[in-house]
Amino acid sequence: VTPKKYRLMKTFYKYYSGKRKAPVLTVFVGGNHEASNVHLSLFNGGWVAPNIYYMGHANVVNFAGLRIAGISGIYNQRHYHLGFGETMPFDD
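Quick summary incoming for the structure in this document. (Residues numbered from 1 in each chain as written. Predicted model: local features only at pLDDT ≥ 70, side-chain atom pairs only at ≥ 80, totals over all residues. Heavy atoms only, no water.)

Turning to the overall build of the chain, a few remarks are in order. A count of helical and extended segments in the chain gives two helices and five strands. Counting every position in the chain, which comprises 92 residues, the buried fraction comes to 18%. Long-range contacts, defined as pairs at least 24 residues apart, comprise 47% of the intrachain contacts of the chain with a sequence gap of at least 6. (Helix = DSSP H or I, 4+ residues; strand = E, 2+ residues; numbered from the N terminus. Buried < 20%, exposed > 50% of the residue type's maximum accessible area, 1.4 Å probe, protein only. Contact = heavy atoms within 4.5 Å.)

Another point: unusual backbone geometry. Trans peptide bonds make up most of the peptide bonds, and negative phi angles are found at most residues other than glycine. Phi angles above zero are rare outside glycine, and Asn 51 is one such case at about 75°. Relative to the assigned elements, Asn 51 resides in the loop between strand S2 (46-49) and strand S3 (52-54). Phi at Ala 64 is positive, roughly 50°, even though this residue is not glycine. In this fold, Ala 64 is placed in the loop between strand S4 (58-63) and strand S5 (66-71).

Now for the pairing of S2. Taken together, the three bridges between S2 and S3 define a ladder with antiparallel strand orientation. Bridging from a neighbouring strand, Trp 47 pairs with Tyr 53 of S3. Where S2 folds back onto S3 in an antiparallel hairpin, the turn is made up of two residues, including Asn 51, whose phi is positive at roughly 75°. (Pairing = 2+ DSSP bridges.)

Between two aromatic rings, the relevant description is the distance of the centres plus the angle of the planes. The full count for this structure, using the stated rule, is three aromatic pairs. Taking 6.2 Å as the distance between ring centres and 35° as the angle between the ring planes, the aromatic pair formed by Phe 12 and Tyr 16 counts as tilted. Taken together, the positions of Phe 12 and Tyr 16, both in helix H1 (residues 12-16) and four residues apart, correspond to about one turn of that helix. The class of Phe 12 is partly exposed, set by a relative accessible area of 37%. (Phe/Tyr/Trp six-rings, centres within 6.5 Å; stacked < 30°, edge-to-face > 60°.)

Membership of the largest hydrophobic core is limited to seven residues, which are Tyr 15, Ala 22, Val 38, Val 48, Ala 49, Ile 52 and Tyr 54. Those elements that place two or more of their residues in this core are S2 and S3. In this view, Val 48 contacts Phe 12, Tyr 16, Phe 28, Val 38, Leu 42 and Tyr 54; residues no more than four positions away in its chain are not counted. (Core = buried A, V, L, I, M, F, W, Y, C linked by side-chain atoms within 4.5 Å.)

A separate point is the sheet that holds S3. A sheet is described by the order of its strands in space; here three strands give the open sequence S1-S3-S2, paired in mixed fashion. The open sheet terminates on both sides in strands that have one partner only, identified here as strand S1 (26-28) and S2. Averaged over all pairs of adjacent strands, the angle between strand axes in this sheet comes to 35°, irrespective of strand direction. (Axes fitted to C-alpha atoms, helices over the stretch in contact; angles between N-to-C directions.)

What follows is the structure, encoded as structure tokens:
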């Protein structure tokens, strides 16, 4: 369950809906309080808004000669050795 302090709509929906555009390329990984439905639909990464790229569960991208690697998620000692079961992508 998401704590109440993280349930507020901030500004990302403006970028996701196309009302705003990030002024520079923005690459991000998933953390703890993002929209998991968006992340699950882009398991291998993808564009979430103009100029904003989600790296997916784990990914490496090359941009302007720079290699950028990312792993989404948060560390939890109890879950560390459980592994991860992959699932099929969602359909439209």
